[in-house]
Amino acid sequence: MTLSYFLASPAIWLVALAEYLLFNRGYSRRTIVRTAAVYAAASIFAMLPMALAGHAPAARPLAFAIATSFLYQLSYPLLHRISPVRTSTEEQYPADAAVGMCLFGFLSGLLLIGGPFAWPVGPVEVFMLAAIVVQITYFVMYGHCIDAYGFRLMTQTNTNEVIEFIRYYPLWASIMVALALAGIFAASVWVNLPAHRMHGTEEALGGGLAALLCLSFMAAPARRSLLASSGFVSLCIAKAENTRRLRLYPSAGPEREQGIKARLLGKKYEGPSTIVLVVGESANRDYMSAFVHGLDRDTTPWMNAMRLVDSRHWMMFPRAYSCGMHTFVSLEQGLTEKNQFNDADFVTASSIVDMAHAAGRRVHWYSNQGHLGASLSQVSVVAEQADEAMWTTQAPGLPPYDIDLLAFLDRVDSEKDNLVVLHLKGNHFSFNNRYPAEAETWTPEGPDDTRTTYMNSIHYVDDFLRRVWETGCERLNMKAMVYCSDHAIIPDRHRGPVFAGFGDVRIPLAVWTSDDFIAAHPERYRALQDNTRKYWTNDFLYDLMCGLMDVESPRFKPENSLAHSTYSHTRDTLTILDGTVSLADDDEVPDTMRGSL
């Protein structure tokens, strides 16, 4: 053993402690003392392999390990520190510095063993540096450090969305990121070539023992370890835990069904009936002429006509909002009894599929969102509980148009009671990919004219809704139809994970009811008419659908449903983003501009 290597430990400790004090907020004196003690131990572990082996690894791989470990421990706390402050209580990341020191000890220990034991050094360093590139890229794009919300958004997507996302940015930007990742891999291979020869037994044993001790100090116990508490790794763990919970969803079906105990209200229809729910994507009612008077283009001519000539059956709700800015948040709540005002667990919360089954309806779920390369999601696990769940056929880079969903309606048995859910690609970016060339209503002024392409996509969805309504009335014994978007978007601004204004959450909500529905459920109909000017968030979409099915259940609160006279929510009580933003703060556009629908 060569104790002189431990002389570097105090310097390492001071650098780590200075990093903690600079990049974290809200720490107490007690926290500083505790952190300093952990850092002192980690700094000793960082030098332990060289002390036990009696010498340092080769200079080139050693220098690369030092740089990699230091940059890794620095990246997340630094980016978090320079991000805009969102809350009064700031998170702290004291574990990152300790993990960086231990990772250096672990890597240097493997280098001292040499031979095949040194091969893991490259992959570990590639992961660390790739994590740094991802974090920096995310920060450059959105001006904020990646968090659990952003990480889920980034990983919970499908192949076509990734392709369209990459195409949005200049080719040179994609090439730079690809070259950076390729360069990381190549550099790791080159610098570690000297470590591929086996060292002597004594130094190998010392390096191996020290590497094992560093790994144990950093990673044990697993769920409460320093590694699990560090910034980027904690995001990976949170994502893995979310996936684990979603895998439990199918097996929790009996628990969900047990508590429903649904009882049908109102009169029975004389024959079979179908209710249709169309879930849009990224539709902003500020760009829909059916919701905004004086818009420069008639983007929703069919809905506008229905609003004017058939107001008895068509009801527009011009004060609807999404509870979240992204699909997995808004529909996790919108499709289930889970909402911003309760603590229901998504896995055991009743869904619209569960309630429809309890009401004696066969559920058909047809989606153009695509399973292609998609990770498990809240929407997919709910959809797969339907009696029939089908997705359009998608090829990489070639997502189909929503019109392809119409063919699925031929599969619905009009002699049965049904709930049909159509999940659109709608107005998702890139907007020019949402409609065929022959459906282009207005010619964009150039490739950057996203406002025009967005309005074209709105116009295309309007025509799609017309076709769904006509098919439902003619062939499916449709009694009610709902159109609602999962969230909105501002077309001339790239959407990010951080709330930047209510333009991302102002959504359309439209409800059509037939004469049969009005006769069988007059109370529900009168409530819908009376509530058209009420404020509403789509975490109560589940409750609206329960009202249209006219059920009574312990898993449904009528005061959350626009189809009940007891609907109790107002602009002052409603919120978005899990209660962190009040609708009362939306004063960006005067309400008078939205017309007097």
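In what follows, the structure referred to is the one given above.
Thresholds, definitions, all that
- Residues numbered from 1 in each chain as written.
- Predicted model: local features only at pLDDT ≥ 70, side-chain atom pairs only at ≥ 80, totals over all residues.
- Heavy atoms only, no water.
- Helix = DSSP H or I, 4+ residues; strand = E, 2+ residues; numbered from the N terminus.
- Contact = heavy atoms within 4.5 Å.
- Areas by Shrake-Rupley, 256 points an atom, 1.4 Å probe, with all protein chains shown as cover.
- Lys, Arg positive; Asp, Glu negative; His and termini not counted.
- Charge placed at Lys NZ, Arg CZ, Asp CG, Glu CD.
- Axes fitted to C-alpha atoms, helices over the stretch in contact; angles between N-to-C directions.
- Parallel < 35°, antiparallel > 145°, perpendicular 65-115°, else oblique.
- Left-handed = near helix turned anticlockwise from the far one by under 90°.
- Nonpolar A, V, L, I, M, F, W, Y, C, P; charged D, E, K, R; others polar.

## A closer look at the overall build of the protein chain
Scanning the protein chain from N- to C-terminus turns up 20 helices and 13 strands. With the principal axes as the frame, the protein chain shows a C-alpha extent of 90 × 55 × 45 Å. For the protein chain, the proportion of contacts with a sequence separation of at least 24, taken over those separated by at least 6, is 78%. Taken as a whole, the protein chain presents about 24900 Å² of accessible surface, with 60% of it coming from carbon and sulfur. Positive and negative side-chain charges of the protein chain, numbering 49 and 61 respectively, have mean locations separated by a distance of 5 Å.

## Examining the packing of helix H1 (residues 9–23) against helix H3 (residues 59–82)
At a closest axis distance of 9 Å, the pairing of H1 and H3 adopts a crossing angle of 15°. Judged on the interaxial angle alone, H3 and H1 are roughly parallel. The two elements H1 and H3 cross, and the hand of that crossing is left-handed. Between H1 and H3, the contacting residues are Val15, Glu19, Leu22 and Phe23 on the first element and Phe70, Gln73, Leu74, Pro77, Leu78 and Arg81 on the second. In terms of residue class, the contact of H1 with H3 is built from 7 nonpolar, 1 polar and 2 charged.

## Observations regarding unusual backbone geometry
For the bond from Ala220 to Pro221, the omega torsion is -10°, close enough to zero to count as cis. Structurally, Pro221 can be placed in the loop between helix H9 (201–219) and helix H10 (226–229). Cis geometry marks the peptide bond from Phe429 to Ser430; its omega dihedral reads 5°. Mapping Ser430 onto the fold places it in the loop between strand E7 (418–423) and helix H17 (450–475). A positive phi angle, near 60°, is found at Ser282, a position not held by glycine. Its location among the elements puts Ser282 in the loop between strand E2 (274–280) and helix H13 (301–309). Positive phi values are uncommon outside glycine, yet Leu577 reaches one of about 55°.

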